[in-house]
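Spelled out from the first residue to the last, the chains are:
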Amino acid sequence: MTMLNPAERTATGLANETEATGRPANTPATLLEESWREFVFAEVWSRSGLPRRKRFLVAIATAAACNLEDKQIDDFVRGALAAKYLT
């Protein structure tokens, strides 16, 4: 994927968010939300070097350690279970 291609970047971000959260990706309400989604899910979740299972475990642990809302932790757990990374 070419990060400079906005269409590919958006498509990759949507696909990775859907997999990571186990639900359809939300439509961003602001440009900041769109940029955040594309950075986190198009760039970070697409990087090589860390298997998906470990990436999910890091995401769940980080969300819990940062005291994020239960919904956000639930999203990562649901995504990991749906993709069979925690079974």
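Residues numbered from 1 in each chain as written. Predicted model: local features only at pLDDT ≥ 70, side-chain atom pairs only at ≥ 80, totals over all residues. Heavy atoms only, no water.

Let us look at the overall build of the protein chain. For the protein chain, the helix and strand inventory stands at four helices and zero strands. In sequence order, the protein chain lays out its α and β elements as α-α-α-α. Scaling as 2.2 N^0.38, a compact globule of 87 residues should have a C-alpha radius of gyration of about 12 Å, and the protein chain matches this with 13 Å. With the C-alpha coordinates of the protein chain rotated into their principal frame, the extents come out at 35 × 30 × 20 Å. Counting across all 87 residues of the protein chain, residues that qualify as buried make up 26%. Considering only intrachain contacts with a sequence separation of at least 6, the fraction spanning at least 24 residues in the protein chain is 59%. Counting only carbon and sulfur atoms, one obtains 61% of the accessible surface of the protein chain, whose full area is about 5,600 Å². Distance between charge centres in the protein chain, computed from 11 positive and 11 negative side chains, equals 8 Å. (Helix = DSSP H or I, 4+ residues; strand = E, 2+ residues; numbered from the N terminus. Rg over C-alpha atoms; globule rule 2.2 N^0.38 Å. Buried < 20%, exposed > 50% of the residue type's maximum accessible area, 1.4 Å probe, protein only. Contact = heavy atoms within 4.5 Å. Areas by Shrake-Rupley, 256 points an atom, 1.4 Å probe, with all protein chains shown as cover. Lys, Arg positive; Asp, Glu negative; His and termini not counted. Charge placed at Lys NZ, Arg CZ, Asp CG, Glu CD.)

Locating Phe-41 in the fold gives a position in helix H2 (residues 31-44). The spatial distance from the C-alpha of Phe-41 to the C-alpha of Arg-53 is 15 Å, given a sequence separation of twelve residues. In this structure, Phe-41 is in contact with Thr-12, Gly-13, Asn-16, Glu-17, Ala-20, Trp-36, Ser-46 and Phe-76, ignoring residues within four places of it in sequence.

A word on the nonpolar core. Among the nonpolar cores identified, the biggest contains eleven residues, and these are Ala-20, Val-40, Phe-41, Trp-45, Phe-56, Ala-59, Ile-60, Ala-63, Ile-73, Phe-76 and Ala-80. Those elements giving two or more residues to this core turn out to be H2, helix H3 (52-65) and helix H4 (70-82). In this structure Ile-60 touches Ile-73, Phe-76, Val-77 and Leu-86, once residues within four positions along its chain are discounted. (Core = buried A, V, L, I, M, F, W, Y, C linked by side-chain atoms within 4.5 Å.)

This brings us to the packing of aromatic side chains. Evaluated as defined, the whole model comprises five aromatic pairs. Seen from their ring centres, Trp-36 and Phe-41 are 6.0 Å apart, and the 85° between their planes marks the pair as edge-to-face. Centroid distance Trp-45 to Phe-56: 5.0 Å. Interplanar angle 70°. Geometry classified as edge-to-face. Of this pair, Trp-45 sits in the loop between H2 and H3 while Phe-56 sits in helix H3, and the two are eleven residues apart along the sequence. Both residues of the pair, Trp-45 and Phe-56, count as buried. Of the aromatic side chains, those joined through ring pairs into one cluster are Trp-36, Phe-41, Trp-45, Phe-56, Phe-76 and Tyr-85. (Phe/Tyr/Trp six-rings, centres within 6.5 Å; stacked < 30°, edge-to-face > 60°.)

It is worth spelling out the environment of Pro-6 at this point. Structurally, the position occupied by Pro-6 is in helix H1 (residues 6-21). Looking at Pro-6, the relative accessible area reads 58%, which means it is exposed.

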